[in-house]
Amino acid sequence: QVQLVESGGGLVQPGGSLKLSCVASGSIFSIDRMGWYRQAPGLQRELVATIPSGGDTYYADSVKGRFTISRDNAKNTVYLQMNSLKPEDTAVYCCNAIVRTQIGGSSTRYWGQGTQVTVSS
């Protein structure tokens, strides 16, 4: 089994910054793509950013130039640096990871429980 645990959420004023972290633990052989999603009340879940084990990152248009996704493969951790935050960034942010638990095994997508980010004055 694999667990993902997010941290770093909180209340911040418009224009402020937060850095989210997500640590994967458990029976992990390798992690392919990792990413962040968010869901605001009454809205559908939205893809924010993804980062593969190697290659280009992806950002939603709404966060380009403000958010930066990165990962530390040695620590099985993905980060989301969020700058110039806006009230419309308020949401529960969840990370996910596509994990192989054994050599030659299939990949499975795992989700964290989420961390609340509130942008308000």
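Here, the structure is the one placed above.
A brief look at the structure comes next. Note that the structure is predicted; figures quoted are calculated from it, not measured. (Residues numbered from 1 in each chain as written. Predicted model: local features only at pLDDT ≥ 70, side-chain atom pairs only at ≥ 80, totals over all residues. Heavy atoms only, no water.)

## Regarding the pattern of salt bridges
In step 1: All told, the structure shown has five salt bridges when counted by the stated rule.
In step 2: As a salt-bridge pair, D61 and K64 come within 3.2 Å of each other at their nearest N and O atoms. Across this residue pair, the class does not change: D61 and K64 are exposed.
In step 3: For the salt bridge of R66 with D89, the shortest nitrogen-to-oxygen distance reads 2.7 Å. Placement of R66 in the loop between β6 (58-59) and β7 (67-72) and of D89 in the loop between β8 (77-82) and β9 (91-100) is noted, with a sequence separation of 23 residues between them. Pair check on accessibility: R66 and D89 agree, each one buried.
In step 4: Among the charged side chains, a network of salt bridges with common partners joins R38, E46, R66 and D89. (Salt bridge = Lys/Arg side-chain N within 4 Å of Asp/Glu carboxyl O. Buried < 20%, exposed > 50% of the residue type's maximum accessible area, 1.4 Å probe, protein only. Helix = DSSP H or I, 4+ residues; strand = E, 2+ residues; numbered from the N terminus.)

## A word on the packing of aromatic side chains
In step 1: Inspection of the entire model under this criterion finds one aromatic pair.
In step 2: Just above the ring of Y79 sits the side chain of K19; from NZ or CZ to the centre is 4.7 Å.
In step 3: Against the face of Y37 rests R45, its NZ or CZ located 5.6 Å from the ring centre. (Phe/Tyr/Trp six-rings, centres within 6.5 Å; stacked < 30°, edge-to-face > 60°. Lys NZ or Arg CZ within 6 Å of the ring centre and 35° of its normal.)

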